[in-house]
Amino acid sequence: MSFKHPWAKVASNIVGVDDPEAVDEVARAAEEPLSSALAKGAANTFLGLKISYINAVSDMCAAAGGDIAQIVEILGIDPRIGAGGMQPGTGYGGGCLPKDVRAFTASARQLGADRAAALLRAAEEINEDRITVALGLITRALGDRPVKGSRITVWGAAFKPGTNDVRESPALALAQALQQAGGFVTVHDPQAVPTAMVRNPELDYTDNLAASLDGADLVVLATEWPEYRHANPHTLVNRPAAALLVDCRTTVDPELWRTAGWTVHQLGRPSPPNQETQ
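Computed from a prediction, not measured in an experiment: that's the story for all the values here.

Novice: Got a minute to help me understand helix α8 (residues 170-180) in this structure?
Specialist: Count 3.6 residues to each turn of an α-helix, and residues three or four apart come out pointing the same way. Those residues of α8 that sit buried are P170, A171, L172, L174, A175, A177 and L178. Next to the buried residues of α8 lie α7 (130-142), β1 (151-155), β2 (184-188), α9 (193-199), β3 (204-206) and β4 (218-221). Sitting at the amino-terminal end of α8 is S169, which places a side-chain oxygen 3.2 Å from the backbone nitrogen of A171.

Novice: Even after reading the chapter, I still don't get the packing of aromatic side chains, so can you show me in this structure?
Specialist: One pair of aromatic rings is described through two measures. These are the centre distance and the angle between the planes. Summed over the entire model, instances satisfying the criterion amount to three aromatic pairs. The interplanar angle of 10° and the centroid separation of 4.8 Å between the aromatic rings of W155 and Y228 together place this pair among those described as stacked. Of this pair, W155 sits in strand β1 while Y228 sits in helix α10 (residues 226-229), placing them 73 residues apart in sequence. Each member of the pair, W155 as well as Y228, is classed as buried. Ring centres of W257 and W262 lie 5.0 Å apart, and the angle between their planes is 65°; on these two criteria the pair is classed as edge-to-face. With a relative accessible area of 1%, W262 lands in the buried category. Within the aromatic cluster, the residues linked to one another by ring pairs are W155, Y228, W257 and W262.

Novice: I keep staring at the environment of G261 and nothing clicks. Help me out?
Specialist: Looking at the secondary structure, you find G261 in the loop between α12 (254-259) and β6 (263-266). By relative accessible area, which is 46% here, G261 ends up partly exposed. When near neighbours in sequence (up to four residues on either side) are disregarded, G261 contacts V237 and A243.

Novice: I'm lost on the pattern of salt bridges in this one. Help?
Specialist: Any two side chains of opposite charge can pair, so long as their charged atoms come close to each other. Counting across every chain of the model gives 12 salt bridges. Where E224 meets R249, a salt bridge forms, and the shortest distance between an N and an O atom there is 3.5 Å. Placement of E224 in the loop between β4 and α10 and of R249 in the loop between β5 (244-247) and α12 is noted, with a sequence separation of 25 residues between them. Assessed through its relative accessible area of 6%, R249 is described here as buried. Members of the salt-bridge network, linked through shared partners, are R121, E124, E125 and E128.

Novice: Please explain the packing of helix α5 (residues 97-110) against helix α6 (residues 114-128) as it appears in this structure.
Specialist: The geometry of α5 relative to α6 is characterised by a closest axis approach of 8 Å and an angle of 155° between their N-to-C directions. Taken as axis vectors, α5 and α6 run roughly antiparallel relative to one another. Relative to α6, α5 is oriented so that their crossing is left-handed. Within the contact between the two elements, α5 uses V101, R102, F104, T105, A108 and R109 and α6 uses A116, A117, L120, R121 and E124. For the contact of α5 with α6, the class distribution of residues is six nonpolar, one polar and four charged.

Novice: Looking at this model, I keep getting lost on the packing of α7 against α8. Mind explaining?
Specialist: Two measures define how a pair of helices packs: the angle their axes make with one another and the distance between the axes. With their axes 10 Å apart at the nearest point, α7 and α8 run at an angle of 55° to one another. In terms of axis orientation, α7 runs oblique to α8. Where α7 crosses over α8, the handedness of that crossing is right-handed. Between α7, through I131, A134, L135 and I138, and α8, the contact on the second element is made entirely by P170, A173, L174, A177 and L178. Residues belonging to the contact of α7 with α8 are distributed by class as follows: nine nonpolar, no polar and no charged.

Analysis parameters
Residues numbered from 1 in each chain as written. Predicted model: local features only at pLDDT ≥ 70, side-chain atom pairs only at ≥ 80, totals over all residues. Heavy atoms only, no water. Buried < 20%, exposed > 50% of the residue type's maximum accessible area, 1.4 Å probe, protein only. Helix = DSSP H or I, 4+ residues; strand = E, 2+ residues; numbered from the N terminus. Contact = heavy atoms within 4.5 Å. Polar contact = N/O pair within 3.5 Å; in protein donor to acceptor, adjacent residues only side chain to side chain. Phe/Tyr/Trp six-rings, centres within 6.5 Å; stacked < 30°, edge-to-face > 60°. Salt bridge = Lys/Arg side-chain N within 4 Å of Asp/Glu carboxyl O. Axes fitted to C-alpha atoms, helices over the stretch in contact; angles between N-to-C directions. Parallel < 35°, antiparallel > 145°, perpendicular 65-115°, else oblique. Left-handed = near helix turned anticlockwise from the far one by under 90°. Nonpolar A, V, L, I, M, F, W, Y, C, P; charged D, E, K, R; others polar.

What follows is the structure, given as structure tokens:
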């Protein structure tokens, strides 16, 4: 795509469109450096707001017995909203988005925009609470068995698929929390095991997906890698001690996995009555 305006490439990154005329128009509107900086902060922060919003709705679904996957599908029909970025889970992480949201929140506070700061801070608080929410689902999935002493496989270390970046990774934070609760944790990730080992050397790691399940009492899907989405549940069902999956990223097809003999729990989605606990 060719751009006419010198700010157009920046504007393209901000608004995420591929129409050159639309991008040039945005670039002209953001020609002032202050407006450009605010636009970048607003764009990144809006993504954080959107993620926290759908996670809050996911919690409402869990309380009411609703299905967050159906709600995301319905919301996605509305072109003013769209389903992009609306995947419930353990929250956002990485080296940029959390920092950008914190900075934009601080800017709102410094500018005296108290209501904006309160809104942004609420999104941060929702994100900060996601590990606690995930631990609650894991505890309910285990039923009478405590986390302490359980062998737990965590699928995912990177903060998102397609990278080895583990900065502020919800997946690693969840693995660490499970270990601190007394679980024996093994982490698998298609790309991020080397970087995760540096950041959290106290955890055990493996780069073999199938072997990561051997003897596990529980499998926790914490990063939505396609390797997990497309894993064959039939060939994996006999590897763990208990075929129990807690999908914290609503990644797998639960019916496919249940048909293969797994018990599946997902954030914001109801479990069948006969699978409330393993």
